[in-house]
Amino acid sequence: MVGGRRFRPGGGFGRQLDEHETRVGVPPPPEPPPPAGGMVDSAIYIRGHRFASPAGLAETYSCLQEQDDAMAWIGLYRPDIDQISSLAREFRLHDLAVEDAINAHQRPKLERYGHTLFVVLRAARYDDLREEVEFSELHLFIGPGFVVTVRHGEVPDLAAVRRRMEADAPMLAQGPEAVLYAILDQVVDGYAPVVAGLENDIDEIETQVFGGDPNASRRIYGLSREVIEFQRAARPLLTMLDALATGAGSYGTDEELLRYLRDVTDHLTQVVERVDGFRHLLQNILTVNATLVSQQQNEEMRSLTAASYAQNEELKKVSSWAAILFAPTLIGTVYGMNFVHMPELNWRFGYLFALLLMLLVCGTLYLVFKRRGWL
């Protein structure tokens, strides 16, 4: 089975193995952990069975030349320039493709150089702990009798692809194109957990937005960038798969392989459509969040305005009473000055005049402030 659901031993391409194929089959060695850089695994296959497991590139070349109708599958992990150059000389790889494989950071694409296909894929993995999407680049050289995979990250799990293909010898016997389709299937299958993780993040963001979390905007922006990056990784594969299906007739691709290719295309289409929906949904969430934030700010402004108005009303009252009380204080202060020659000091009605003057001034101020609504 490839990709966890499609290729079945004995089904589709299943057929009885002859005596020679049974003798040729060699159990694969245990898969080593990815090294810091270099060759992860190299194998020579005859009629879908592992014939040899060379230890290095030179041994692989020699074994491939000695066997008729053999296929080499070389897996590299972050190789150095010398290894890439060696492969380029042996399999006559185009300089532009070699340059892309060395530099990495390429967009997903499929290019044909003569009888050699150069494929760039971007695999994805969802990190549950950090709630982030990690992207990894994979380059493939597909030619007559050889498959070279150059991996620049931890995904996809090509060892699992190799094991599944080796378990289905009739499928592997279809040659390099079968390996290419199996890897495409693995990459597309790897998108499903990413879609589920993004969907869960969007559900959490919706809860944050309607819960009034102030950090929601930052998370929406970060998730939108991940969705856009995911679109850039997945959407070009549709064009790539369409190109493979279109050119299948010219290169004699088996019809059963095309059925698997169309199945991969169907699953990828579902992924792309869901991711497109995520992007529109995030835009709507961002709009709703902006509206809710604006409403919250308006409510706060209204509250501040109401509080300010209440404070102003209280200040008016305090100021009014302060002015009313200031009037008698001023009059009393004037008549409390110790001058010998002051008018009204020896006047019989001076005291009554001062009191009436205080009441008159206070009453006038009270009426003025009351008319203006300050009291």
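Rules used throughout
- Residues numbered from 1 in each chain as written.
- Predicted model: local features only at pLDDT ≥ 70, side-chain atom pairs only at ≥ 80, totals over all residues.
- Heavy atoms only, no water.
- Salt bridge = Lys/Arg side-chain N within 4 Å of Asp/Glu carboxyl O.
- Helix = DSSP H or I, 4+ residues; strand = E, 2+ residues; numbered from the N terminus.
- Buried < 20%, exposed > 50% of the residue type's maximum accessible area, 1.4 Å probe, protein only.
- Polar contact = N/O pair within 3.5 Å; in protein donor to acceptor, adjacent residues only side chain to side chain.
- Axes fitted to C-alpha atoms, helices over the stretch in contact; angles between N-to-C directions.
- Parallel < 35°, antiparallel > 145°, perpendicular 65-115°, else oblique.
- Left-handed = near helix turned anticlockwise from the far one by under 90°.
- Contact = heavy atoms within 4.5 Å.
- Nonpolar A, V, L, I, M, F, W, Y, C, P; charged D, E, K, R; others polar.
- Core = buried A, V, L, I, M, F, W, Y, C linked by side-chain atoms within 4.5 Å.
- Pairing = 2+ DSSP bridges.

Turning to the pattern of salt bridges, a few remarks are in order. Taken as a whole, this structure holds 15 salt bridges when the rule is applied. For the salt bridge of Arg122 with Glu229, the shortest nitrogen-to-oxygen distance reads 2.9 Å. Of the two residues, Arg122 sits in strand β5 (residues 116-127) while Glu229 sits in helix α8 (residues 216-247), which places them 107 residues apart along the sequence. For Arg122, a relative accessible area of 15% puts it in the buried group. What makes Glu229 partly exposed here is its relative accessible area of 23%. In this structure, Glu132 engages Arg130 in a salt bridge whose closest nitrogen and oxygen atoms are separated by 3.8 Å. For Arg130, a relative accessible area of 48% corresponds to the partly exposed category.

With that out of the way, let us pick up helix α3 (residues 81-91). Residues of α3 that are buried: Gln83, Ile84, Ser86, Leu87, Ala88 and Phe91. The N-cap residue of α3 is Asp80: its side-chain oxygen and the backbone nitrogen of Asp82 are 3.2 Å apart. Looking one or two places after α3, you find Arg92, whose phi comes out positive at around 55°.

So, about the packing of helix α2 (residues 57-66) against α3. Contact pair α2 / α3: the axes reach a minimum separation of 11 Å and the direction vectors enclose 15°. Accordingly, the angle class assigned to the pair α2 and α3 is roughly parallel. In this structure, α2 crosses over α3, and the sense of that crossing is right-handed. Here Leu57, Tyr61, Leu64 and Gln65 of α2 come into contact with α3, specifically with Gln83, Ser86, Leu87, Glu90 and Phe91. Here the residues of the contact of α2 with α3 are counted per class, giving 5 nonpolar, 3 polar and 1 charged.

In this section: the nonpolar core. Leu121, Leu180, Ile183, Tyr191 and Phe230 are the most contacted members of the largest nonpolar core, which totals 60 residues. When residues in this core are grouped by element, the largest group, 16 residues, is from helix α7 (residues 176-210). Discounting residues that sit within four places of it in the chain, Ile183 has contacts with Leu121, Leu138, Leu140, Thr149, Leu158 and Val161.

Reading across the sheet, the 7 strands line up as β2-β1-β3-β7-β6-β5-β4 and stay open at both edges, with mixed pairing between neighbours. A single partner strand is all that each edge strand has here, and the edge strands are β2 (49-52) and β4 (109-113). Here the strands of the sheet are splayed against their neighbours by 25° on average, with no regard to which way each runs. As defined by bridge partners, β5 adjoins strand β6 (residues 132-143) across 11 bridges and the pair is classed as antiparallel. In the sheet register, Tyr126 faces β6, and the bridge partner there is Val133. Relative to β5, α8 is tilted by about 145°, and along the sheet it contacts β4, β5 and β6.

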